[in-house]
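Structural characterization, general
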Amino acid sequence: MRSRLMGRRMTRVFFHYHDGVERILDHEGADLDVAEARARALREVRALIAHDVLAGRIDLRQRIDVEDAEGIILDTIAFADAVEIIGLPVARLSGNGSDATEPAGFPRPRHSRLP
């Protein structure tokens, strides 16, 4: 995340969304100090990621630019920088006729018949 936001002075800021293909502009903006603007952008990015999780797919190539009224980018919150991802990538299982997935590197439990 890069930031040019400094100080506690209120300013009109706009939160513009970019997904690599399309740009959705915030035409209303908000009067916030720079710390509040950054915190709001981070909350919004995390809310969008949470929505993506419910849909079953997360695209971390997106971002929100925080711009002032003159169009100067004050801060950029990249989706990939807004969360910490813990764990191993999911790998497709093969050879068992199932479409199930499980984390790579974790063996399937072995079921034994008890006497």
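Everything here concerns the structure above.
In this report, the structure presented in the accompanying data block is examined.

Parameters at a glance
Residues numbered from 1 in each chain as written. Predicted model: local features only at pLDDT ≥ 70, side-chain atom pairs only at ≥ 80, totals over all residues. Heavy atoms only, no water. Salt bridge = Lys/Arg side-chain N within 4 Å of Asp/Glu carboxyl O. Helix = DSSP H or I, 4+ residues; strand = E, 2+ residues; numbered from the N terminus. Buried < 20%, exposed > 50% of the residue type's maximum accessible area, 1.4 Å probe, protein only. Pairing = 2+ DSSP bridges.

Focus on the pattern of salt bridges
Pairing is possible between side chains that carry opposite charge, provided their charged atoms lie close to one another. Per the stated rule, a full pass over the model turns up five salt bridges. Here Arg12 makes a salt bridge to Asp31, at a shortest N to O gap of 3.3 Å. You can see Arg12 sitting in strand β2 (residues 10–18) and its partner Asp31 sitting in strand β4 (residues 30–33), a full 19 residues away along the chain. Owing to a relative accessible area of 33%, Arg12 belongs among the partly exposed residues under this scheme. For Asp31, a relative accessible area of 46% puts it in the partly exposed group. In this structure, Asp59 and Arg61 form a salt bridge, with 2.8 Å as the shortest nitrogen-oxygen distance. For Asp59, a relative accessible area of 23% corresponds to the partly exposed category.

A few points about the pairing of strand β5 (residues 63–68)
When you tally the buried positions in β5, you get five out of six residues, the bulk of the element. Where β2 and β5 come together, six bridges link them in antiparallel fashion. Within β5, the residue paired with His16 across the bridge is Asp65. The sheet contact formed by β5 and strand β6 (residues 73–78) spans five bridges and is antiparallel. Looking at β6, one finds that Val66 is bridged to Asp75. Two successive antiparallel strands, β5 and β6, enclose a turn made up of four residues, where Gly71 displays a positive phi of approximately 85 degrees.

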